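Observations on the three-dimensional arrangement
Letter by letter, the chains look like this.
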Amino acid sequence: MAEVKLDAQVRTEFGKGAARRTRRANLVPAVVYGHGAEPVHVNLPGHDLMMALKTANVLIGLEIDGKDALVIPKAVQRNPLKGNIEHVDLLTVKRGEKVNVEIAVHVEGDLAPGGNLLEYVQNTLLVEAEATHIPESVTVSVAGLDAGASVLAKDIPLPKGSVLAGDEDAVVLQVVAAQAEEPAAEGAEGAEA
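In what follows, the accompanying structure is described. (Residues numbered from 1 in each chain as written. Predicted model: local features only at pLDDT ≥ 70, side-chain atom pairs only at ≥ 80, totals over all residues. Heavy atoms only, no water.)

For Asn26, which is not glycine, the phi dihedral falls at a positive 60 degrees. For Asn26, the location among the structural elements is in the loop between helix 1 (16–24) and strand 2 (27–34). Phi is positive for Asp65, close to 50 degrees, though the residue is something other than glycine. Looking at where Asp65 falls in the secondary structure, it is placed in the loop between strand 4 (59–64) and strand 5 (67–78). Relative accessible area serves as the criterion here: at 63%, Asp65 is assigned to the exposed category. (Helix = DSSP H or I, 4+ residues; strand = E, 2+ residues; numbered from the N terminus. Buried < 20%, exposed > 50% of the residue type's maximum accessible area, 1.4 Å probe, protein only.)

Set out below in structure tokens:
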């Protein structure tokens, strides 16, 4: 996983008005916390941050007042109408440190014939990985699975260096039989006229 570099400006103004001024200047308010240190309030370049967050669990290198900090996004708040980023919480990590993150679950292959449907019980999987080697996703083969089959978290092959951090017996995917729609009763059509 590549590391994205961003320059951060320490924030001195707080409150709704200050946040609005910050966003008008194409900056995003953020908080950097972790490892028992005091939280640091910063402003980040909006466009660069948006591009960095397109990658799940991206590793971001921040320069804050001449000091370098390695962070991962922990919470991103977006405007519900416009979709732009309004605030970000960033967690400080160290190289070699293990972190718990959620990674996307992707599927490949075709289910057994017969009108079966694949149901995602969980879209993500909680794994523990080194902060500098966080996998973006895992891929599961569902080839030939028939109705009633399920894929448990422990059955999903994880990338090297990652271990399952959540419940290993949790159902991630399950195959269900398609339900046929019942034909309408003949008397029901005449009742509407």
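On the basis of which strands lie adjacent, the open sheet formed by three strands has the order 8-13-11 and antiparallel pairing. Whereas interior strands pair on both sides, the edge strands pair on one side only; in this sheet they are strand 8 (116–120) and strand 11 (150–152). Averaged over all neighbouring strand pairs, the angle between strand axes comes to 15 degrees, with direction disregarded. Bridge count for strand 11 against strand 13 (residues 171–177) is three bridges, and the pairing is antiparallel. Bridge pairing links Leu152 to Val171 in strand 13. (Pairing = 2+ DSSP bridges. Axes fitted to C-alpha atoms, helices over the stretch in contact; angles between N-to-C directions.)

Position of Val175 relative to the elements: it lies in strand 13. Judged by its relative accessible area of 3%, Val175 falls in the buried class. Separated by 55 residues in sequence, Val175 and Tyr120 have C-alpha atoms that sit 8.9 Å apart. Setting aside residues up to four positions removed in sequence, Val175 forms contacts with Leu111, Asn116, Leu117, Leu118, Leu145, Asp146, Ala147, Gly148 and Ala149. (Contact = heavy atoms within 4.5 Å.)

Attention shifts here to the sheet that holds strand 12 (residues 163–164). If you trace the four strands from one edge of the open sheet to the other, you get 10-7-9-12, paired in mixed fashion. Of all strands in the sheet, those with a lone pairing partner are strand 10 (137–141) and strand 12, marking the two edges.

The subject of this paragraph is helix 1. When we look at burial in helix 1, the residues that qualify are Ala18, Ala19 and Thr22. Buried residues of helix 1, seen end-on, are gathered within an arc of 100 degrees and therefore sit on one face of the element. In helix 1, the exposed positions angled more than 90 degrees off the buried face are occupied by Lys16 and Arg24. Next to the buried residues of helix 1 lie strand 2 and strand 3 (37–45). Positive backbone phi, approximately 60 degrees, marks Asn26, located one or two places after helix 1. (Arc of directions from axis to C-beta.)

For the rest of this paragraph, the subject is the side chain of Ser162. Residue placement: Ser162 occurs in the loop between strand 11 and strand 12. Not counting residues up to four positions away in its chain, the partners in contact with Ser162 are Glu128, Ala129 and Pro135.

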